[in-house]
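Spelled out, the chains give:
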Amino acid sequence: MLPARLDIFLIRLRRLSTSRWFWLGFPILLYSWTLTGPFIVDDIHLLLKAESYRDGRSPALDLYRFARTDAEWNNLRNRGVCPWWVESGRLDFVRPIGAWSFYFDTVLFGRNVLAFRLMSLAVFAGALLAVHWMFRATGADTARAGAATFFMGISQTATPPVTWMCSRADLFVLIGAAMTAGAYWSIRKRPGLRWFVLGALAFTLALFSKEFAVALCPVIVLHELITWRKSATRASRSFAAMILLLSIAYLAYYIQSRPWIASGADHMPSQLAGLWPRSILLYLSVWTLGFPIDILLAANSIQVWTVALIGGGIALLVIRYLRRSARNDAATLFFAIWAIAFILPPLRAMSASTRSLCVATVGWTYLLTSLILPPTEKDVVVPRLFRHFLFTANGMASIGCVIATVLYMNITERRAQDRLLQVCRTIPGGVHDGDLLVITQAESTADLMCSGDRLEFLTGVRNVSTTHLLPAGIEASAEVEDSHTVLVRAKNHSLFDSALHHLTLPSGWQPELGQEFRLKDCTVKIAQISDKGGVDAIRVLFAEPLNSTRVHFIPPADAESPDSRARLVHAKSL
């Protein structure tokens, strides 16, 4: 019997949620229009590495081993994969599942982006099927399992893994974690060897897809310890012990081979330095408000804290109602631990980002259905207005964020490619293997990421060093001082005062006059500091003269002005 106090809209949601066409078909339909998108930023970097391995130019398929040494990190800086002012770091991951998946696509489809995107949609469908099976294994009826899966499928947190092929690993984690959790709940009801085998294989799949999959271990172990006397069985305890041993072995290997995982990369900022309370509140805001927190990267502190505190306040209301609404649901505790455990690894990220919540959202969507579609009438304790608010935040608002995010990612990448091709057209004789491009002004953050890879992808040139001196929003003028030197002066803001600078520079970093950032073919030197401590000018010193056929210095965005053309001609004539 349907709960009488649920209004007709949510009653219809309950009925729709029993249909696979709804909880699986609608999310697939929502993302079907992404098939027209291009390769985006890191996708291009991985594609070139996969092609290098396929063609025999690289000895190993290390798609996610970006920088194991200082030399490899500097190579990323020179190619424009990461900002030139980030002088050190380590990006060295064990993700063979994602790597081989991407490589197989490269072998089968070449550069057919449509085929890559179809494969991502297929993996996404597999993830939703696994999540739905897990919900059913916990004891949820078909309506609640379908509704929770539906909210997961339309969540804005799933957008980057579906749209960004290099992030497909998150979907593999989702599949592995869901299958492991489903095996755990199945073994509590019907002990059997098959669940141990399934759990071990699925958890291994998750671990070798992406590192944060290890967060599933505390979910299962803590749940087992808390329910030890009430519902734990000898088989479920053994299952939890197996997951714990696999996690210990995995972490021991990882920390021994990559100690920076525990300590953090040298000089890289971390939210653990003091911003983690705000990050947690921002993550909660995605769930409780449906707020796309990535747009806050350029916001001031007051705006960020406003969103964080509102989201946190609504989360307190959720907890209050959840304690009453889910008191008859044995799986609520498990998914509450799930949401908490999987929200912790992203705290080490440079910024709170929606994409970090993909797997954690599984826990939230189950709790959400406990609030708006509880199993029995007596569990309907949430006011109608609040139920509709939560549905809107995780339904219509989330769908809007999905569409906006996909549009933004595709448009910014296409514009970045167009701008780079336009730059190449302004260079007499074009760009050749081994050239150096220094572009004064970027027009978007996408320009600053993987620019050398993007140039190789578009033109076929190799070993190109590409550097954008300034991110978008900071205007500057360029002046040729001599045959090897260009002086760049700020027009509006400090040259190191963008949101990207604040994210990527070490905490408490202060500029020093004469400080140098050395690249392969040039050195950027801080030339002038204002009374307020901002950088007013930088000097770019080239190893080769500006009239070298290898060196291409591109004036600011107003390159069509007579002054900018004159500077460029002057530089080439020296």
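Structure: above.
In this text the structure is predicted, and so the values were computed from the model without any measurement. (Residues numbered from 1 in each chain as written. Predicted model: local features only at pLDDT ≥ 70, side-chain atom pairs only at ≥ 80, totals over all residues. Heavy atoms only, no water.)

Details of the packing of helix α11 (residues 216–226) against helix α12 (residues 234–257)
One can describe the packing of α11 onto α12 by two numbers: an axis separation of 9 Å at closest approach and a directional angle of 145°. Considering how the two elements wind past one another, α11 and α12 form a crossing that is left-handed. Contacts from C217, I220, V221 and E224 of α11 reach α12 at S236, R237, F239, A240, I243, L244 and S247. Of the residues assigned to the contact of α11 with α12, the class counts are 7 nonpolar, 2 polar and 2 charged. (Axes fitted to C-alpha atoms, helices over the stretch in contact; angles between N-to-C directions. Helix = DSSP H or I, 4+ residues; strand = E, 2+ residues; numbered from the N terminus. Left-handed = near helix turned anticlockwise from the far one by under 90°. Contact = heavy atoms within 4.5 Å. Nonpolar A, V, L, I, M, F, W, Y, C, P; charged D, E, K, R; others polar.)

Structural notes on the packing of aromatic side chains
Scanning the model with the defined rule gives 40 aromatic pairs in all. Relative to F104, the ring of Y103 lies with its centre 6.3 Å away and its plane at 45°, an arrangement referred to as tilted. For Y103, a relative accessible area of 12% gives the class buried. With relative accessibility at 47%, the residue F104 sits in the partly exposed group. Taken together, the ring pairs connect F135, Y184, W185, F196, F212, F239, F334, F335, W338, F342 and Y366 into an aromatic cluster. Here the basic side chain of R144 rests over the ring of Y366, its NZ or CZ set 5.0 Å away from the ring centre. (Phe/Tyr/Trp six-rings, centres within 6.5 Å; stacked < 30°, edge-to-face > 60°. Buried < 20%, exposed > 50% of the residue type's maximum accessible area, 1.4 Å probe, protein only. Lys NZ or Arg CZ within 6 Å of the ring centre and 35° of its normal.)

Observations concerning the nonpolar core
Within the largest apolar cluster, 165 residues are counted, with the highest numbers of intra-cluster contacts made by F335, W338 and F542. Looking at this core element by element, the count peaks at 13 residues for helix α6 (residues 113–137). With sequence-adjacent residues up to four places away left out, F542 is seen in contact with L436, V438, H484, V486, D521, C522, V551 and F553. In this structure, V431, L437, L455 and V464 belong to the second largest nonpolar core, which totals 11 residues. (Core = buried A, V, L, I, M, F, W, Y, C linked by side-chain atoms within 4.5 Å.)

Considering a positive patch on the surface
There is a patch of like positive charges on the surface, built from R136, K189, R190 and R194. Note that R194 resides in helix α10 (residues 193–207). (Patch = residues over 30% accessible without salt bridge, like charges linked within 9 Å, V, L, I, M, F, W, Y side chains within 5 Å. Areas by Shrake-Rupley, 256 points an atom, 1.4 Å probe, with all protein chains shown as cover. Salt bridge = Lys/Arg side-chain N within 4 Å of Asp/Glu carboxyl O. Lys, Arg positive; Asp, Glu negative; His and termini not counted. Charge placed at Lys NZ, Arg CZ, Asp CG, Glu CD.)

Some words on the packing of α6 against helix α17 (residues 360–372)
Describing two packed helices takes the angle between their axes plus the distance from one axis to the other. Viewed as axis vectors pointing N to C, α6 and α17 meet at an angle of 50°, and their least axial separation amounts to 12 Å. The pairing of α6 with α17 is recorded here as oblique in orientation. Two packed elements cross with a definite hand, and for α6 against α17 that hand is right-handed. For the pair formed by α6 and α17, the contact residues are V131, M134 and F135 on the first element and V362, T365 and Y366 on the second. Residue classes in the contact of α6 with α17 are distributed as 5 nonpolar, 1 polar and no charged. (Parallel < 35°, antiparallel > 145°, perpendicular 65-115°, else oblique.)

Digging into the pairing of strand β8 (residues 522–529)
Inspection of the sheet shows strand β7 (residues 516–518) paired to β8 by 3 bridges, in the antiparallel sense. Paired with R518 across the strands is T523, a residue of β8. When β8 meets strand β9 (residues 535–542), the two strands line up antiparallel, connected through 7 bridges. Paired with Q528 across the strands is A537, a residue of β9. Once β8 ends, the chain turns through 5 residues before running back antiparallel as β9, passing G533 with a positive phi of about 90°. (Pairing = 2+ DSSP bridges.)

A word on the sheet that holds strand β10 (residues 551–554)
On the basis of which strands lie adjacent, the open sheet formed by 3 strands has the order β4-β3-β10 and parallel pairing. In this open sheet, the two edge strands, each paired with only one partner strand, are β4 (465–470) and β10. For this sheet, the mean inter-axis angle between neighbouring strands, taken without regard to orientation, is 15°. In this structure, strand β3 (residues 436–441) lies alongside β10, joined through 4 bridges in parallel fashion. Counted as the bridge partner of L436 is V551 from β10.

Some thoughts on the side chain of S17
Structurally, the position occupied by S17 is in the loop between α1 (8–16) and α2 (20–32). Among the residues examined, S17 registers a relative accessible area of 0% and is labelled buried. Ignoring any residue separated from it by four or fewer positions in sequence, one finds S17 in contact with F22, W23, T142, A143, G146 and A147.

Some thoughts on unusual backbone geometry
Notably, V41 is not glycine yet its phi reads approximately 45°, a positive angle. With respect to the helices and strands, the residue V41 is situated in the loop between α2 and α3 (42–54). We classify V41 as buried; its relative accessible area is 11%. The residue C450 is not glycine, and still its phi comes out positive at about 60°. Here C450 shows up in the loop between α20 (445–448) and α21 (451–459). When its relative accessible area of 1% is taken as the criterion, C450 is described as buried.

Quick word on the environment of C522
You can see C522 is positioned in strand β8. Under the relative-accessibility criterion, C522 is labelled buried at 3%. Sequence separation of C522 and T445 is 77 residues, and the distance between their C-alpha atoms is 22 Å. For C522, the residues in contact, after removing those within four places along its chain, are V438, F517, V540, L541 and F542.

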